[in-house]
Amino acid sequence: MTAPRPLRVAACQLGSGQDLDTNLAQVERVLAAAAERGARLAVLPEALDYMGPAEDAVPEPLDSRASRFIADLAAAHGMWVLAGSVHERPSDGEGLPANTAQLFAPDGTRAGTYRKTHLFDVELADGFSYRESDTVRPGDSLMTHDIDGVSTGTAICYDLRFPELFRLYAAAGARVLLLPAAFTAHTGAAHWEILLRARAIENQCFVVAAGQFGPYAPNGRSYGRSMVIDPWGTVLACTPDRPEAVAVADLDFAYQDECRAQVPSLANRRDDLYELSLRHA
């Protein structure tokens, strides 16, 4: 089978805060920069609409101003855009919001949605406690989509720590894994690049990871280092440590096929001993 044509992608880094207008102005500038550099697919970070105290977030339905704004930019640039995530209000207005990524096609139509599946709940011995599930409703389905003949799979931030999710995507035929995120500076410095490269290597997929960078209220800080990684685990492009930075790279799928031929780990799985399956809600 002939490999798909190369795909130019952009991992777009933001420094979102609490003001939506300021955040959308950043989105507009990074998408313009990605388009100027010839990207066919741009990935935006998690929580592009709001970074701040969870209790002060104002969730909106998916057809909100932020979503329409990004859809219009996708159409204006004739580019696929994964709008990293927004705070999505339930359609009936009841219950917790979802952390929702939206894929917009080059004509501006919404091609798919993914709601963050794994939520960070932790209770430490020193008394520190954080429960993302107190403020976010988890998703119950995965999202694969064909982008210019290339199968992609989407996850969000903390999902990165659950390799079975990415193996499901690879087993379903994904060639590219897309990851919007807002990793903390502390965990990002220790784990971000290592985990991204691991997901790329073990699934022999390209990874496009877009993160938030910098401080946000009241005392948080995001790690950044948005990057594109190839199936051999090589970092093809990485942003500098600043907001409004873009990492652009060409994904060579013929090279991906060579990597999979050299180390056929996907083909060598022992499905007679174990299997991984998706349960639909």
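Structure first, text after, so check above.
Below you will find a few notes about this structure.

Cut-off values and rules
- Residues numbered from 1 in each chain as written.
- Predicted model: local features only at pLDDT ≥ 70, side-chain atom pairs only at ≥ 80, totals over all residues.
- Heavy atoms only, no water.
- Salt bridge = Lys/Arg side-chain N within 4 Å of Asp/Glu carboxyl O.
- Helix = DSSP H or I, 4+ residues; strand = E, 2+ residues; numbered from the N terminus.
- Buried < 20%, exposed > 50% of the residue type's maximum accessible area, 1.4 Å probe, protein only.
- Expected span 1.5 Å × (residues − 1).
- Arc of directions from axis to C-beta.
- Contact = heavy atoms within 4.5 Å.
- Phe/Tyr/Trp six-rings, centres within 6.5 Å; stacked < 30°, edge-to-face > 60°.
- Lys NZ or Arg CZ within 6 Å of the ring centre and 35° of its normal.
- Pairing = 2+ DSSP bridges.

## Description of the pattern of salt bridges
In this structure the tally under the stated criterion is 14 salt bridges. With a shortest N-O distance of 2.9 Å, Arg65 and Asp21 are connected by a salt bridge. Of this pair, Arg65 sits in helix H2 (residues 65-77) while Asp21 sits in helix H1 (residues 20-36), and the two are 44 residues apart along the sequence. What makes Arg65 partly exposed here is its relative accessible area of 43%. For Asp21, a relative accessible area of 47% translates into the label partly exposed. Between Arg175 and Asp257 there is a salt bridge, with its nearest N and O atoms 3.0 Å apart. Placement of the pair is Arg175 in the loop between helix H3 (163-171) and strand E10 (176-181) and Asp257 in helix H5 (residues 253-262), with a sequence separation of 82 residues. For Arg175, a relative accessible area of 14% corresponds to the buried category. The partly exposed category is assigned to Asp257, whose relative accessible area is 26%. Beyond isolated ion pairs, a larger network of salt bridges with shared partners links Glu46, Lys116 and Glu132.

## Details of H1
If you check H1, its first and last C-alpha atoms are 24 Å apart, about what 17 residues at 1.5 Å a residue would give, namely 24 Å. All of the buried residues in H1 are Asn23, Leu24, Gln26, Val27, Val30, Leu31 and Ala34. Buried residues along H1 cover an arc of 155 degrees about the axis, so they all sit on one side. Those residues of H1 hidden inside the fold are in contact with strand E1 (7-13), strand E2 (41-43), H2, strand E3 (80-88) and strand E16 (245-251). Directly beyond the C-terminal end of H1, a positive phi value near 85 degrees is found at Gly38.

## A short note on the packing of aromatic side chains
Per the stated rule, a full pass over the model turns up five aromatic pairs. Pairing Phe120 with Tyr130 gives two aromatic rings, centres 6.0 Å apart and planes at 35 degrees, and the pair type is tilted. In this pair, Phe120 is assigned in the loop between strand E5 (110-115) and strand E6 (121-123) and Tyr130 in strand E7 (residues 129-131), connecting sequence segments ten residues apart. Judged by centre distance (5.3 Å) and plane angle (85 degrees), the ring pair of Tyr158 and Phe162 falls under edge-to-face. On the accessibility criterion, Tyr158 (19% relative accessible area) is buried. Cation over ring: Arg221 sits above Phe213, and NZ or CZ is 5.5 Å from the ring centre.

## Concerning H2
Its 13 residues give H2 an end-to-end C-alpha distance of 18 Å, which sits within 8% of 18 Å, the value for a rise of 1.5 Å per residue. Contact partners of the buried residues in H2: H1, E3, strand E4 (98-104) and E5. Phi turns positive one or two residues past the end of H2, at Gly78, with a value near 60 degrees.

## Looking at unusual backbone geometry
Between Ala217 and Pro218 the backbone carries a cis peptide bond, its omega angle lying at -5 degrees. You can see Pro218 is positioned in the loop between strand E12 (213-216) and strand E13 (220-223). Here Cys157, not a glycine, exhibits a phi torsion of approximately 45 degrees, which is positive. Counting through the fold element by element, Cys157 comes out in the loop between strand E9 (150-154) and H3. In this model, Arg225 sits at a positive phi of 55 degrees, which is unusual for a non-glycine residue. Among the structural elements, Arg225 can be located in the loop between E13 and strand E14 (227-229).

## Here we look at the pairing of E4
Here is the key point about a regular strand: its side chains alternate between the two faces of the sheet. Of all seven residues making up E4, seven are buried, and the element is well covered by its neighbours. Burial of the side chains of E4 extends over both faces: Ala98, Thr100, Gln102 and Phe104 are buried on one face and Asn99, Ala101 and Leu103 on the other. In this sheet, E4 lies alongside E3 in antiparallel orientation, the contact comprising six bridges. In the strand pairing of E4, Val81 is matched with Phe104. Of the pairings in the sheet, the one linking E4 to E5 comprises five bridges and is antiparallel in character. Along E5, the bridge assignment pairs Phe104 with Arg110. In textbook terms, the turn of a hairpin is the stretch between consecutive antiparallel strands, and for E4 and E5 this stretch comprises five residues, one of which, Gly108, has a positive phi near 90 degrees.

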